[in-house]
Every structure is written in structure tokens, then in C-alpha cells.
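# Residue-level structure breakdown
One-letter residues, chain by chain:
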Amino acid sequence: MQTPPTPTVPHPPESICLLRLSALGDVTHVLPLLHTLRDAWPQVRIAWVIGKGEHRLLAGLPGVDFFEYDKKTGLAGMRALRRELRAWLGDAARFDVLLQMQLAARANLLSGFIPARRRVGYDRSRSKELHGLFVNERIPDRPGLPAPGSHATGPHVLDVLGSFCEPLGLRREQVRWDLPVPDDARAWAAAQWPTEGGPVLLVSPCSSHALRNWRAERYAAVADHAAGLGWRIVLCGGRSELERSTADAIIAAMRHSALDLVGKDTLKQLPALLERADLVMTPDSGPMHIANAMGTTVLGLHAATDPERSGPYSDRRYCVDRHDDAARKFRGKPASDLRWGSKIEHDGVMDLITVDDTIAAFERFRAGHPQITAREAR
């Protein structure tokens, strides 16, 4: 099938507003789209309406002005945002284009406070939460064809977000992230463990969605397997009570030692930390996608979500995929029959992933990376 030619755009827009508030992984997926817009139209003014934590991750990104919206501020915050955007626009009464890339009801309502001539949203098959009432154009309805033998429910979310430039006459031809990581963040990460020594398995055990998380004793079993082969084990995570208690439980269950960095990094230091690891083990989470953006291979744990839709974009060979099993058990149908974006967040769903599954994925990684396993210090 031939790729259709890229349409010409005789009059590039003067201003574009991106609306994607959360989450950390999803705003990371927007970066290739942003670079496509900047490369095509370096003169265009771009504003991005974003969440507070997500802004901290992306602060310093060139060529875009960020406007934070805190969901706790409700309608008052939406009105305040409208005033800020109008001041930024100056004499222009409206944005030429709004790319409304978040389907949640709150984000749809917020988009109504953003003045724009063209309001580009999702295709009808993905729309929900009254999304269609707030847009006047849509991205192509391109469900995607799963590979032979795959149970994928459609294209990866990064590719869907990348198609938001197509109504503007552009195509995203390449994927690059270029996360802004300050030198001092890399210096901090470099100080956490020496370069010399065995390869590093970094375990980021918690997602912001608790039902995507795996059992602590299973993480410990896989970490012990790696440590027995000469790998160094590092734990990372945020400052929540869940992340602290999970890390404590993993450490208590392990026979080997681990470097505990949970709660010790900032959102600016996190990408630098993930970049230093040889392999990151994590459920579907922000750190999964940040690690992928930094070029680090991910051993992803998927039952609640589909790795073909929301796994590590660059390389999913080392994901454990029990999503189809989860669909059959909890929904009574194969995953290929689920709507795009469906999540199976039920109690016990991640128990479908066994320690043996995950050790097998780890061993696939070892078999494919002799330059890394050569550093194992047994």
C-alpha cells in the first residue's frame, strides 16, 4: 500500500495550541508531534496547556510556551487559563488551530475555554466523553491492522497522537523525543552508582494506576534472578506511600541487596536516571515511556493494558503480554474485540503475569545483548 503524498500547506498557521494535560507517559508521546510542527514551521507560535507535574518534566523544551492547568481549580481555573491565553495571543483573538488531544470530560470542557478557529480532535471511533461537541475537525479514522498472530486492538497511542498534524497538511515522518535533561540532572544520576561493575536492572514498580502494579515478591524474585547473574539492582519511584511501601516489600523479599533510590529523584532527574540503566522493569507507567524516550530498553509488564497500544514504543520484544488472557478472563472476549484504549484494571489482573514469564523476557534480553551480558560479574 503506497503512502499518500503529503498535502501542501500554502499558508502555515501563525499559532497552535496543544491540549494534553496528563499523564507523564502521554505527554512524552506528544513530543514527536511537537517536533514535526516545529521542523515544518519554525516560525509558528506554539502554546501547550499541560498539567503541573507534566510541565516539570518538560520544562526547558524549546519552541513552546507552557500554560499549566490544575484540575483542582475547576471552572475558575479554566477562566483564568482563558485570560492567560488571550494575553499571550495579543492582538490575535484566537489560535489558528487547537489540537485537542485528551478525551477526558474535564479536558473536553477545558478546551471550550480556549479560543480557536480550527479545533482538531479524535476520529469518531475513539471519541468519548462528549468530545465531538468541542471539535470541528477530526484526525483520520485509521484503526490500524494488527500484525499476523497479534491481538492488538489498534495502533500505538504515539502514532495516533502523531496523526494530529495530518489535518494541517503535515505527516510525522520520524519519531524523536529530545527530552530536556539538564546537565546537573545527569551529574546527579551519574553519582548514584559507579560506571564500573555489572549491568543495571532498574525496577520502577509502580504505576499511577494501582491495578496495573505487580506483586512485590514477584519483582523480588526476578531481581534476585538478575542479581545472581551479576546484575546490580536499583529501585526508583516517587514519594507516595504506595511507592515507599512497595519498595520496602521488594527489598524485604530479596536475598540480594538493591540500591534504593525511591523518593530521592526529581522529575528532571528521573530521565537521567532511567538513561543510565541497561534495562528497566516496570508496568505500564510514566517511567516506562520516559525510559523508552531516553533510549533505554524496557521489560514491560502488561495484563491490564495492551503493549501494542501503550507499551514501550521503540522496542516491545521484551514485554510480558498477558493482555489477551486478561480480556478473555475478565471480559469474556479476545483482546482484539475490545475497543481501542480499553483497559482491564481489575483486582488480580496482574497476577496473570508469572515470575517465569518475566524471567523468560529477561533472558530474551540477555540473549540479544551479549555486549551487556559480557559485563556480568558473577
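Now for the confidence of the model for the protein chain. Confidence in the prediction of the protein chain, expressed as mean pLDDT, is 93, and 94% of residues score 70 or more. Scored below 50 in pLDDT, residues 145–150 makes two contacts in the model with residues more than four places away or belonging to other chains.

All right, on to the pairing of strand β8 (residues 232–235) then. Here strand β7 (residues 200–203) runs beside β8; their pairing, made up of four bridges, is parallel. Along β8, the bridge assignment pairs V200 with R232. Examined bridge by bridge, β8 and strand β9 (residues 259–260) share two bridges and lie parallel to one another. Along β9, the bridge assignment pairs L235 with D260. Following the backbone out of β8, through helix α8 (residues 241–253) and into the adjacent parallel β9, one traces a crossover that is right-handed.

The strands that make up a sheet pair up through hydrogen bonds in the backbone, lying either parallel or antiparallel. With respect to topology, six strands assemble into an open sheet ordered β9-β8-β7-β10-β11-β12, the strand pairing being parallel. Either end of the sheet is taken by a strand with one partner, and the two such strands are β9 and β12 (320–321). In terms of strand pairing, strand β10 (residues 279–283) meets strand β11 (residues 298–302) through four bridges, oriented parallel. When the bridges of β11 are listed, P283 appears paired with L301.

As a further point, take the nonpolar core. If you look at the biggest cluster of nonpolar residues, it comprises 61 residues, and the most contacted ones within it are I16, L18, L37, W48 and L99. Of all the elements, helix α1 (residues 24–40) adds the most residues to this core, at seven residues. Among the nonpolar cores identified, the runner-up in size contains 39 residues, and A226, L279, L301 and F365 belong to it.

On to unusual backbone geometry. Residue S22 is joined to A23 through a cis peptide bond whose omega torsion reads -5 degrees. With a phi close to 55 degrees, E129 is a non-glycine residue in the positive phi region. Of note in the backbone geometry, D178 takes a positive phi value of approximately 50 degrees without being a glycine. Looking at the secondary structure, you find D178 in the loop between α5 (157–162) and α6 (183–190).

Positive charge collects at one region of the surface, where K52, R56, K71, K72, R106 and R239 lie side by side. Along the polypeptide, K52 turns up in helix α2 (residues 52–58). The class for K52 is exposed, based on a relative accessible area of 51%.

Another aspect to go through is the sheet that holds strand β4 (residues 95–100). Within the open sheet, the six strands sit side by side as β3-β2-β1-β4-β5-β6. Their pairing is parallel. Two strands close off the open sheet at either side, each with one partner strand: β3 (65–68) and β6 (137–138). Of the strand pairs in this sheet, β4 and strand β5 (residues 116–121) are connected by four bridges, and their pairing is parallel. The residue of β5 that forms the bridge with V97 is R118.

Attention shifts here to the environment of W193. Tracing the sequence through the fold places W193 in the loop between α6 and β7. Considering only alpha carbons, one finds W193 and V234, 41 residues apart in sequence, at a separation of 9.2 Å. Beyond its immediate sequence surroundings of up to four residues, W193 is in contact with V200, L202, R232, V234, L259, L261, L273, R276 and A277.

In a pair of packed helices, the angle between the axes and the distance between the axes together describe the arrangement. Packing of helix α7 (residues 216–228) against α8 brings their axes to within 8 Å, and their N-to-C directions diverge by 50 degrees. Judged on the interaxial angle alone, α8 and α7 are oblique. For the pair α7 and α8, the crossing hand works out as right-handed. In this structure, α7 contributes A216, E217, Y219, A220 and D224 to the contact, and α8 contributes T246, A249, I250 and A253.

One turn of an α-helix holds 3.6 residues; hence residues three or four places apart share an orientation. Compared with an ideal rise of 1.5 Å per residue, which puts 17 residues at 24 Å, α1 spans 25 Å between its outermost C-alpha atoms and is within 8% of the ideal. Helix geometry: α1 is bent most strongly at P32, by close to 25 degrees. Burial of α1 is extensive: 14 of the 17 residues sit out of reach of the surface.

Calculation rules
- Residues numbered from 1 in each chain as written.
- Predicted model: local features only at pLDDT ≥ 70, side-chain atom pairs only at ≥ 80, totals over all residues.
- Heavy atoms only, no water.
- pLDDT = per-residue confidence, 0-100.
- Contact = heavy atoms within 4.5 Å.
- Pairing = 2+ DSSP bridges.
- Helix = DSSP H or I, 4+ residues; strand = E, 2+ residues; numbered from the N terminus.
- Right-handed = clockwise from strand over helix to strand, strands pointing away.
- Core = buried A, V, L, I, M, F, W, Y, C linked by side-chain atoms within 4.5 Å.
- Buried < 20%, exposed > 50% of the residue type's maximum accessible area, 1.4 Å probe, protein only.
- Patch = residues over 30% accessible without salt bridge, like charges linked within 9 Å, V, L, I, M, F, W, Y side chains within 5 Å.
- Areas by Shrake-Rupley, 256 points an atom, 1.4 Å probe, with all protein chains shown as cover.
- Salt bridge = Lys/Arg side-chain N within 4 Å of Asp/Glu carboxyl O.
- Lys, Arg positive; Asp, Glu negative; His and termini not counted.
- Charge placed at Lys NZ, Arg CZ, Asp CG, Glu CD.
- Axes fitted to C-alpha atoms, helices over the stretch in contact; angles between N-to-C directions.
- Parallel < 35°, antiparallel > 145°, perpendicular 65-115°, else oblique.
- Left-handed = near helix turned anticlockwise from the far one by under 90°.
- Expected span 1.5 Å × (residues − 1).
- Bend = angle between axes of the 7 residues up to and from the residue.

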